[in-house]
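Summary of structural features
Residue strings, one per chain:
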Amino acid sequence: MRGMLEFTVLRRDGEARRARLTLRHGSIETPQFMPVGTYGSVKGMTPEALLRAGAEIILGNTFHLWLRPGLEVIERFGGLHRFIGWDRPILTDSGGFQVWSLGAMRTISEEGVRFASPVNGDRLLLTPEISMQIQTVLDSDIAMQFDECTPYDVRRGTEVQITTEAQARASMELSLRWAGRCRDAFTRLGNPNALFGIVQGGMFEHLRDASLAGLVALDLPGYAIGGLSVGEPKPDMLRVLRHTAPRLPAHKPRYLMGVGTPEDLLDGVAAGIDLFDCVMPTRNARNGHLFTRWGDLRIRNARFKRDERPLDPDCACATCRSFSRAYLHHLDRCGEMLFPIAATTHNLHYYLELMRGMRAALEAGTFGSYAEHARAQRQRGID
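Report follows, based on the coordinates. (Residues numbered from 1 in each chain as written. Predicted model: local features only at pLDDT ≥ 70, side-chain atom pairs only at ≥ 80, totals over all residues. Heavy atoms only, no water.)

**Let's talk about the state of the cysteines**
We apply this condition: Only a pair of cysteine sulfur atoms within 2.5 Å qualifies as a disulfide here. Three exposure classes are used, based on accessible area relative to the maximum for each residue type with a 1.4 Å probe and protein chains only: buried under 20%, partly exposed in between, and exposed over 50%.
Overall, the coordinates contain zero disulfides when judged by the stated rule. No disulfide involves Cys 315; its sulfur sits 3.5 Å from that of Cys 317, the nearest cysteine. In this structure Cys 315 comes out as buried when scored by relative accessible area, which is 11%.

Pasting the structure below:
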């Protein structure tokens, strides 16, 4: 199943690659970061502001859009693009991670997941087939298979147990069976877009290999790595990433789900990843945590109360061109709505500029030195 997707690798530098991904609503240059718009809105950013920041594709969430505003509303608009005023590509997560995060509020079976709606308490059922129906209505350029996000650990009261190999295997095999059902439903629905599979398997390389082999047999248009950055130590995340990413089909796009810090993006691109998403730049912005090429800045620190400098003197975003650290500190302390807008504008600009820098370095064949320099700058720390 091909779907509406064309993928061309333009340059390689080790495992890292520079590519172009063409979807129904346009082409994007990779490696690329996707701002997260859970409810169809990247918090604090209009579509025009996202374009000015350099966003080429955004992410929406199947689970939350299903609950609010509901499919009837979105169907009236012919899909999510027209509903939210964004005519560029959109990827939608299947809802598996959100169902996983409900914890004791949900029950997983072969059929799917039964859970209490976090909106009104209604008892609901989400299955691979229903997830594909929802994503067909949303008309997202990339739909994700419905999967179970394998947890790093299992919490029972005050006791914490690391997920065992047997537990990870059962979870992975369930996701693999669901992937087949997703593909069949996606095809029956005549969805013209692209469906990606999700490699699971916890912290076990051999389970990741088994998951990938099963997904490759389905011949999906693209593949993602899920189940990372779910509480595991960073060395384990990197170990699984570096094992799995180069084994994904080289002629298809590769997506690392829900990761992460600027350093994580550098690690992911070095491993061969093309697409990333994470709430970190937007969520951290709202909490006064700003990313810069010189390290991270906590604007709530009292030392910024009289600081006349911009967040980053080398940044060209609207926030750094217009506002001082002192003013941003003041806005945050007063709870002004301008603060999360200004902070999000800066953080997303920084993330997207980092991706632009990596693409340019890949084109020039200098990715290794670029990544080393970027890490050294951030480790130096900001004044």
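**Thoughts on the sheet that holds strand S1 (residues 6–13)**
Here is the rule: Strand pairing is assigned whenever DSSP identifies at least 2 bridges connecting the two strands. Only runs of H or I of at least four residues qualify as helices and only runs of E of at least two qualify as strands under DSSP, and these elements are numbered from the N terminus. Interaxial angle, 0 to 180 degrees, is taken between N-to-C directions of lines fitted to C-alpha atoms, where a helix line uses only the stretch in contact.
Read across the open sheet, the three strands follow the order S1-S2-S3; overall the sheet is antiparallel. Each edge of the open sheet carries a strand with a single partner, namely S1 and strand S3 (26–30). Ignoring strand direction, the axes of neighbouring strands in this sheet form an average angle of 10°. In terms of strand pairing, strand S2 (residues 16–23) meets S3 through five bridges, oriented antiparallel. Paired with Thr 22 across the strands is Ser 27, a residue of S3.

**A look at helix H9 (residues 234–244)**
As a reminder, the rule being used: The contact definition used throughout considers only heavy atoms, calling two residues in contact when any of these lie within 4.5 Å.
Taken residue by residue, H9 has Met 237, Leu 238, Val 240, Leu 241, His 243 and Thr 244 as its buried positions. Tucked inside the fold, the buried residues of H9 contact strand S13 (194–199), helix H8 (205–216), strand S14 (222–225), strand S15 (254–256) and helix H10 (262–271).

**Re the nonpolar core**
Where we set the bar: What is meant by a nonpolar core is a set of buried Ala, Val, Leu, Ile, Met, Phe, Trp, Tyr and Cys residues, joined one to another through side-chain atoms within 4.5 Å.
Counting 75 residues, the largest nonpolar core has Phe 33 and Leu 241 as the members making the most contacts within it. A per-element tally of this core places helix H14 (residues 338–364) first, with eight residues. Residues in contact with Phe 33, not counting those within four places in the same chain, are Ile 57, Leu 265, Phe 276, Asp 277, Cys 278, Pro 281, Leu 348, Tyr 351, Leu 352 and Met 355. Core analysis: the second largest hydrophobic core is formed by 20 residues, Ala 19, Ile 28, Ile 57 and Ala 194 among them.

**Re the pairing of S14**
If a strand is regular, its side chains alternate between the two faces of the sheet. Short version of the rule: If you view a crossover with the strands going away from you and the path from the first strand over the helix to the second runs clockwise, you call it right-handed.
Side chains Gly 222 and Ala 224 of S14 all project onto a buried face; the interleaved residues Tyr 223 and Ile 225 project onto the opposite face, where all are buried too. With four bridges connecting them, S13 and S14 associate as parallel partners. By the bridge assignment for S14, Gly 197 is matched with Tyr 223. With H8 bridging S13 and the parallel S14, this β-α-β connection has right-handed handedness.

**Here we look at the packing of aromatic side chains**
Put simply, the rule is: Paired rings are identified among Phe, Tyr and Trp, the last through its six-membered ring, by centres lying within 6.5 Å, and are further divided according to the angle between planes into stacked (under 30 degrees), edge-to-face (over 60) and tilted (the rest).
This model, assessed by the stated rule, comprises eight aromatic pairs. Pairing Phe 77 with Phe 83 gives two aromatic rings, centres 5.1 Å apart and planes at 70°, and the pair type is edge-to-face. With a relative accessible area of 29%, Phe 83 lands in the partly exposed category. Taken together, the ring pairs in this structure connect Phe 33, Phe 291, Tyr 350 and Tyr 351 into an aromatic cluster.

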